[in-house]
Amino acid sequence: MKKQMHPDYHPVVFQDASTGKSFLTRSTVTSDRTVEWEDGSIYPLLVVDVTSDSHPFWTGAQRVMDTAGRVEKFERRYGKRKAL
């Protein structure tokens, strides 16, 4: 790689804001916040809203929408459409 051309790629700790789980990976992002990791080193800390630890798809908590009863519910509320 050419020097001075690519951004600095370094270890960063990402922390899930809702669950508090953290993981160490490499990234080009920077942060003013730091955290001491399990190995005793200090790394930049990035707090994110959603990770695989809290995302409904990965946790299995996603909701399945009931589409079978929607038409019946609509017909009960507004009545059936009259035939032409």
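Owing to the predicted nature of the structure, the values given are computational and were not obtained by experimental measurement.

Participant: Can you walk me through the overall build of the chain in this structure?
Facilitator: Broken down by element type, the chain carries 2 helices and 4 strands. Reading the chain from its N terminus to its C terminus gives the helix and strand order β-β-β-β-α-α. Per-residue burial over the chain gives 14% buried out of 84 residues. Taking as baseline every contact in the chain between residues at least 6 positions apart, the subset at least 24 positions apart corresponds to 34%. In the form shown here, the chain has an accessible surface area of approximately 7600 Å², with 52% of it arising from carbon and sulfur atoms.

Participant: Would you mind going over the sheet that holds strand 1 (residues 10-16) with me for this structure?
Facilitator: What holds strands together in a sheet is hydrogen bonding between their backbones, with the strands either parallel or antiparallel. One open sheet accounts for 4 strands, arranged 2-1-4-3; its pairing is mixed. Edge positions in the sheet fall to strand 2 (22-27) and strand 3 (34-36), since each has one partner strand and no second. Across the sheet, the mean angle separating the axes of adjacent strands is 45° when strand polarity is ignored. Bridge analysis of strand 1 against strand 4 (residues 42-48) gives 4 bridges, and the strand direction is parallel. Looking at the pairing, Q15 lines up with V47 of strand 4.

Participant: Please clarify how the pairing of strand 1 should be interpreted in this entry.
Facilitator: Each regular strand shows side chains that alternate between the opposite faces of the sheet. In terms of burial, strand 1 is largely enclosed, as 5 of its 7 residues are buried. As paired strands, strand 1 and strand 2 are joined by 6 bridges and run antiparallel to one another. Residue F14 lies in a different strand from strand 2, and its bridge partner there is F23. Between strand 1 and strand 2, which pair antiparallel and follow one another directly, the connecting turn spans 5 residues, one of which, G20, has a positive phi of 85°.

Criteria and cut-off values
Residues numbered from 1 in each chain as written. Predicted model: local features only at pLDDT ≥ 70, side-chain atom pairs only at ≥ 80, totals over all residues. Heavy atoms only, no water. Helix = DSSP H or I, 4+ residues; strand = E, 2+ residues; numbered from the N terminus. Buried < 20%, exposed > 50% of the residue type's maximum accessible area, 1.4 Å probe, protein only. Contact = heavy atoms within 4.5 Å. Areas by Shrake-Rupley, 256 points an atom, 1.4 Å probe, with all protein chains shown as cover. Pairing = 2+ DSSP bridges. Axes fitted to C-alpha atoms, helices over the stretch in contact; angles between N-to-C directions.

None of the figures reported here should be taken as evidence of function without further support.
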